[in-house]
Amino acid sequence: MGWHELPLVIFTVLTQCAVGAFILLGALILMGRLESTSLRRLNRQMLFIWVLMGLAFAASTLHLGTPLRAPNALLRLGGSWLSNEIFLGSLFFALGGFFWLLTLLGMGKPLLRRILLGIAMLVGVAFVFATIRVYMIPTVPTWDTPYTPIAFLLTSVIGGALLAHLLLNVSGQGQLARLLPWLGGLAIALALGTSVAQAMSLASIQTAIQSAADLVPHFQGLLLIRMTLLATVLALWLFALRNVRHQPLALGASFALLLVAEMLGRNLFYNLHMTVGL
């Protein structure tokens, strides 16, 4: 198994985790669960979301061969899901980052900031949808299945919930994260189940010259490693809930392992690429 699409692996996984965390934290903010002082403490920690977005977009330019080609990706805006993805991702980065900066500096009216936050959250959802549509290609039968949107959405949910929990905990707002482990645990269970189902479906995808089941050597072993990592992520997450003293460390380790698991899974996805027809 090669890592020839590593820039795209990094881009899709990091952006989906960042968008998921921003939406979940944004929901708490819009529901009024955070006072102004608490919001400022959380907002400082939300810088990590924008660091992830920056790293993701930096990695994506490497896929183009040279960063100077990046503007060309927008040439077919509205007519290409790839162009839409880049535009919506950049717009989310700009709107969300602007909201973060206004909140950090205490500028702008609260209503204006809430409207900006809501718009950024909607753009984030559209960005994830556009990313999914990029890979729903009829001539690539291993990608054009329900497992692609399920996998991408679950990355956003699991990564978003875990990252949101970590940021809330570090900012001293851990009591607001009570539902996040339940959401993440359910999403991990779904990820494990759908991974097995997808592996079983590969045998039915074949052309006259190749079978999807033969595309990745040791696919089952690599999938087992990913599933073990996801189970470890959940175990560490649950450990963090029962050990307040070590919570930040356990949550941080859990998120790091999740990134490894999701990048392994996403690389398997890219290595399953095959085409049919002319």
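Not measured: the values here are computed from a predicted model.

Rules used in this analysis
- Residues numbered from 1 in each chain as written.
- Predicted model: local features only at pLDDT ≥ 70, side-chain atom pairs only at ≥ 80, totals over all residues.
- Heavy atoms only, no water.
- Helix = DSSP H or I, 4+ residues; strand = E, 2+ residues; numbered from the N terminus.
- Rg over C-alpha atoms; globule rule 2.2 N^0.38 Å.
- Buried < 20%, exposed > 50% of the residue type's maximum accessible area, 1.4 Å probe, protein only.
- Contact = heavy atoms within 4.5 Å.
- Areas by Shrake-Rupley, 256 points an atom, 1.4 Å probe, with all protein chains shown as cover.
- Axes fitted to C-alpha atoms, helices over the stretch in contact; angles between N-to-C directions.
- Parallel < 35°, antiparallel > 145°, perpendicular 65-115°, else oblique.
- Left-handed = near helix turned anticlockwise from the far one by under 90°.
- Nonpolar A, V, L, I, M, F, W, Y, C, P; charged D, E, K, R; others polar.
- pLDDT = per-residue confidence, 0-100.
- Core = buried A, V, L, I, M, F, W, Y, C linked by side-chain atoms within 4.5 Å.
- Salt bridge = Lys/Arg side-chain N within 4 Å of Asp/Glu carboxyl O.
- Phe/Tyr/Trp six-rings, centres within 6.5 Å; stacked < 30°, edge-to-face > 60°.

## Quick look at the overall build of the protein chain
Okay, step 1: For the protein chain, the helix and strand inventory stands at nine helices and zero strands.
Okay, step 2: Here the C-alpha radius of gyration of the protein chain, 19 Å, is about what a compact globule of 278 residues would show, namely 19 Å.
Okay, step 3: When the backbone C-alpha atoms are referred to their principal axes, the protein chain occupies close to 65 × 45 × 30 Å.
Okay, step 4: For the protein chain, with 278 residues in total, the buried portion stands at 49%.
Okay, step 5: Within the protein chain, contacts between residues at least 6 apart in sequence are counted, and of these 79% link residues at least 24 apart.
Okay, step 6: When the accessible surface of the protein chain is totalled, it reaches about 13300 Å², and 70% of it is carbon and sulfur.

## Quick notes on the packing of helix H1 (residues 6-30) against helix H5 (residues 110-135)
Describing two packed helices takes the angle between their axes plus the distance from one axis to the other.
Okay, step 1: Running from amino to carboxyl end, H1 crosses H5 at an angle of 150°, the nearest separation of the two axes being 10 Å. It follows from the interaxial angle that H1 and H5 lie roughly antiparallel. Between H1 and H5 lies a crossing whose hand is left-handed. Packed against H1, whose contacting residues are Leu 8, Phe 11, Thr 12, Thr 15, Gln 16, Val 19, Phe 22, Ile 23, Gly 26, Ala 27, Ile 29 and Leu 30, the element H5 presents Arg 114, Leu 117, Gly 118, Ala 120, Met 121, Gly 124, Val 125, Phe 127, Val 128, Thr 131 and Tyr 135 at the interface.
Okay, step 2: In terms of residue class, the contact of H1 with H5 is made up of 15 nonpolar, seven polar and one charged.

## Describing the confidence of the model for the protein chain
Okay, step 1: The share of residues in the protein chain with pLDDT of 70 or more is 91%, and the mean pLDDT across the chain is 89.
Okay, step 2: The least confident element of the protein chain is helix H2 (residues 36-45), whose mean pLDDT is 81; the most confident is helix H6 (residues 147-170), at 96.

## Re the packing of H1 against helix H9 (residues 247-271)
Okay, step 1: Where H1 contacts H9, the two axes come as close as 9 Å, and the packing angle between them is 130°. One element, H1, and the other, H9, form an angle in the oblique class. In the packing of H1 onto H9, the handedness of the crossing is right-handed. Each of Leu 8, Val 9, Ile 10, Thr 12, Val 13, Leu 14, Gln 16 and Cys 17 in H1 lies in contact with H9, whose residues at this interface are Phe 255, Leu 259, Glu 262, Met 263, Arg 266, Asn 267 and Tyr 270.

## Overview of the nonpolar core
Side chains of nonpolar character tend, in soluble globular proteins, to be buried together.
Okay, step 1: Phe 22, Leu 25, Ile 49, Tyr 135, Leu 163, Leu 168 and Phe 255 are the most contacted members of the largest nonpolar core, which has 72 residues in total.
Okay, step 2: Among the elements that make up this core, the one with the highest residue count is H1 (13 residues).
Okay, step 3: Discounting residues that sit within four places of it in the chain, Leu 25 has contacts with Leu 42, Met 46, Ile 49, Ala 164, Leu 167 and Leu 168.
Okay, step 4: Leu 202, Val 216, Phe 219 and Leu 223 belong to the second largest nonpolar core, which has ten residues in total.

## Looking at unusual backbone geometry
Okay, step 1: Phi is positive for His 218, close to 60°, though the residue is something other than glycine.
Okay, step 2: Overall, His 218 belongs to the exposed group, its relative accessible area being 68%.

## A few points about the pattern of salt bridges
Okay, step 1: Following the criterion strictly, the structure yields one salt bridge and no others.
Okay, step 2: We note a salt bridge from Glu 262 to Arg 226, for which the minimum N-O separation is 2.9 Å. With Glu 262 in helix H9 and Arg 226 in helix H8 (residues 219-242), the pair connects residues that are 36 residues apart, well separated along the chain.
Okay, step 3: The buried category is assigned to Glu 262, whose relative accessible area is 4%.
Okay, step 4: Taking the relative accessible area as the measure of exposure, Arg 226 reaches 10% and is therefore buried.

## Notes on the packing of aromatic side chains
Okay, step 1: For the structure shown, the criterion picks out 17 aromatic pairs.
Okay, step 2: When the ring of Trp 143 is compared with that of Phe 269, the centres are 4.9 Å apart and the planes differ by 15°; the resulting orientation is stacked. One end of the pair, Trp 143, is in the loop between H5 and H6; the other, Phe 269, is in helix H9, and 126 residues separate them in sequence. Taken individually, Trp 143 and Phe 269 each receive the classification buried, so the pair is uniform in this respect.
Okay, step 3: These aromatic residues form a ring-pair network of at least three members: Phe 11, Phe 22, Trp 50, Phe 57, Phe 92, Phe 93, Phe 99 and Phe 127.

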